[in-house]
Amino acid sequence: MKTPIYTRLKELSEQGTIRFHMPGHKQKDTGMYFLKDLPKIDVTETFGTDNLQHPDGVIAESLRLIAKEYGARYSVFTANSSSGAMHIALATVTKPGDTILIQRNCHKCVYNGSILNALDVEYVYPKYEADAHVLGGVSPRDVEAALDRNPKIKAVVITYPTYFGICSNLGEIARIVHERGKFLVVDAAHGPHFAFSDEFPKSAISLGADLVVHSAHKTLNAFTQTSMLHVGTDRVDIKHLHKMMNTFQTTSPSYIFMQSVEAAVAYMVSDEGRAATKKHIE
């Protein structure tokens, strides 16, 4: 039979177009030392390969190294991109019937995660930046007011950065949320690079988020659909997180995707990656 997807993608790749969209590798194989071995590393959970649902071998070691680079208490690969990571994050810190406070212009995965977890939703609205014609950040005072109006709110979900690069005052929001005993879940899908240069905004983990979602394929050089979920504080039940991972995602995660994330983080902290980051900033 014909192969229309491959044919079309091959045609597009040969047009010489400069790409300003995801994935972050921009069709380059930078840092992808594993490409020549793709068929060999496309395996399943068997002897010696570990298991993402219950990691205690090479996957656990990889995640330990990644968590160290991000300053996280614990990190996991997620098998359904950042949308799946958000569904898991919400299920980890809530139970059906709970109420959460979400940024009104959040990604639809937050809405879908609320439906899947049977959560009630209240909204906090971002400020409109008239000069830039985009929705801006969320005011910590608005978050505080919402939490004081409804003490039953269990968790707050903030997007940091937004699709347009807007960063709210997340440190102050974290203080307000934690003072009231709530959880802070951060959709940092577009911010996995923040941890790798002091010239970027501070990372959500360093600012006190309890759970942080990162898309490795958005601003790192990883394959599409690759993401991470980080635990930032000791307030999160990691055992329950793994239970929710088993509930919400496939039992056959891609080792190629996991390797792609591992390689992307390894590249960012390498001398070559740090030099490239500096060049991009300049």
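Basis of the calculations
- Residues numbered from 1 in each chain as written.
- Predicted model: local features only at pLDDT ≥ 70, side-chain atom pairs only at ≥ 80, totals over all residues.
- Heavy atoms only, no water.
- Helix = DSSP H or I, 4+ residues; strand = E, 2+ residues; numbered from the N terminus.
- Rg over C-alpha atoms; globule rule 2.2 N^0.38 Å.
- Buried < 20%, exposed > 50% of the residue type's maximum accessible area, 1.4 Å probe, protein only.
- Areas by Shrake-Rupley, 256 points an atom, 1.4 Å probe, with all protein chains shown as cover.
- Polar contact = N/O pair within 3.5 Å; in protein donor to acceptor, adjacent residues only side chain to side chain.
- Contact = heavy atoms within 4.5 Å.
- Axes fitted to C-alpha atoms, helices over the stretch in contact; angles between N-to-C directions.
- Parallel < 35°, antiparallel > 145°, perpendicular 65-115°, else oblique.
- Left-handed = near helix turned anticlockwise from the far one by under 90°.
- Nonpolar A, V, L, I, M, F, W, Y, C, P; charged D, E, K, R; others polar.
- Arc of directions from axis to C-beta.
- Phe/Tyr/Trp six-rings, centres within 6.5 Å; stacked < 30°, edge-to-face > 60°.
- Lys NZ or Arg CZ within 6 Å of the ring centre and 35° of its normal.
- Core = buried A, V, L, I, M, F, W, Y, C linked by side-chain atoms within 4.5 Å.
- Salt bridge = Lys/Arg side-chain N within 4 Å of Asp/Glu carboxyl O.

Peer 1: Describe the overall build of the chain, and please don't skip the residues or the numbers.
Peer 2: A count of helical and extended segments in the chain gives 11 helices and 9 strands. Scaling as 2.2 N^0.38, a compact globule of 282 residues should have a C-alpha radius of gyration of about 19 Å, and the chain matches this with 19 Å. Looking at the chain residue by residue over its 282 residues, the buried ones come to 48%. Working note: accessible area of the chain is about 14500 Å², and carbon and sulfur atoms make up 55% of it.

Peer 1: Now, about the side chain of Asp-98: what can you tell me, with residues and values included?
Peer 2: Structurally, Asp-98 is set in the loop between helix 4 (81–93) and strand 2 (99–103). For Asp-98, the side chain forms a polar contact with the side chain of Lys-154, separated by 3.4 Å. Apart from residues no more than four positions distant in its own chain, Asp-98 is found in contact with Ala-118, Leu-119, Asp-120 and Lys-154.

Peer 1: Before we move on, could you go through the packing of helix 4 against helix 9 (residues 238–248) and cite the residues and values that matter?
Peer 2: The packing of two helices is summarised by the inter-axis angle and the distance between the axes. With their axes 9 Å apart at the nearest point, helix 4 and helix 9 run at an angle of 135° to one another. With respect to each other, helix 4 and helix 9 are oriented oblique. Of the two possible hands of crossing, helix 4 and helix 9 adopt the one that is right-handed. Here His-87, Ile-88, Ala-91 and Thr-92 of helix 4 lie close against helix 9, whose contacting residues are His-240, Leu-241, Met-244, Met-245 and Phe-248. Of the residues in the contact of helix 4 with helix 9, the class split is 6 nonpolar, 3 polar and no charged.

Peer 1: Describe helix 9, and please don't skip the residues or the numbers.
Peer 2: Along helix 9, the residues that are buried comprise Ile-238, Leu-241, His-242, Met-244 and Met-245. When helix 9 is viewed along its axis, its buried side chains cluster within an angular range of 160° and face the same direction. Residues of helix 9 that are exposed and angled more than 90 degrees away from the buried face: Lys-239, Lys-243 and Thr-247. Among the structural elements, strand 1 (74–78), helix 4, strand 8 (211–215) and strand 9 (227–231) are those in contact with the buried residues of helix 9.

Peer 1: Give me the packing of aromatic side chains: which residues, what numbers.
Peer 2: Aromatic rings in a pair are described by how distant their centres are and how their planes are angled relative to each other. According to the stated counting rule, one finds 8 aromatic pairs in the structure shown. For the pair Tyr-163 and Phe-164, a centre-to-centre distance of 5.4 Å together with 90° between the ring planes defines the contact as edge-to-face. Grouped by ring-pair contacts, the aromatic residues Tyr-33, Phe-34 and Phe-223 constitute a single cluster. The ring of Tyr-123 has Arg-104 sitting right over it, with the charged end atom 4.5 Å from the ring centre. Above the plane of the ring of Phe-183 lies Arg-235, whose end atom (NZ or CZ) is 4.7 Å from the centre.

Peer 1: Give a description of the nonpolar core that names residues and reports values.
Peer 2: Judged by nonpolar contacts, the single largest core of 71 residues is most densely connected at Val-143, Leu-184, Val-186, Leu-211, Leu-220 and Leu-229. Those residues in contact with Leu-211, other than ones at most four positions away along the chain, are Ala-89, Thr-92, Val-93, Leu-184, Val-185, Val-186, Leu-229, His-230, Val-231, Val-236 and Leu-241. Membership of the second largest hydrophobic core comes to 5 residues, among which are Met-32, Phe-34, Ile-256 and Ala-263.

Peer 1: I'd like a rundown of the pattern of salt bridges, residues and numbers included.
Peer 2: Applying the stated criterion across every chain yields a total of 16 salt bridges. Ionic pairing is found between Asp-98 and Lys-95, a salt bridge with its closest N-O pair at 3.5 Å. Relative accessible area serves as the criterion here: at 51%, Lys-95 is assigned to the exposed category. Salt bridges sharing partners connect three or more residues here, namely Arg-141, Glu-144, Asp-148, Glu-172, Arg-175, Glu-179 and Arg-180.

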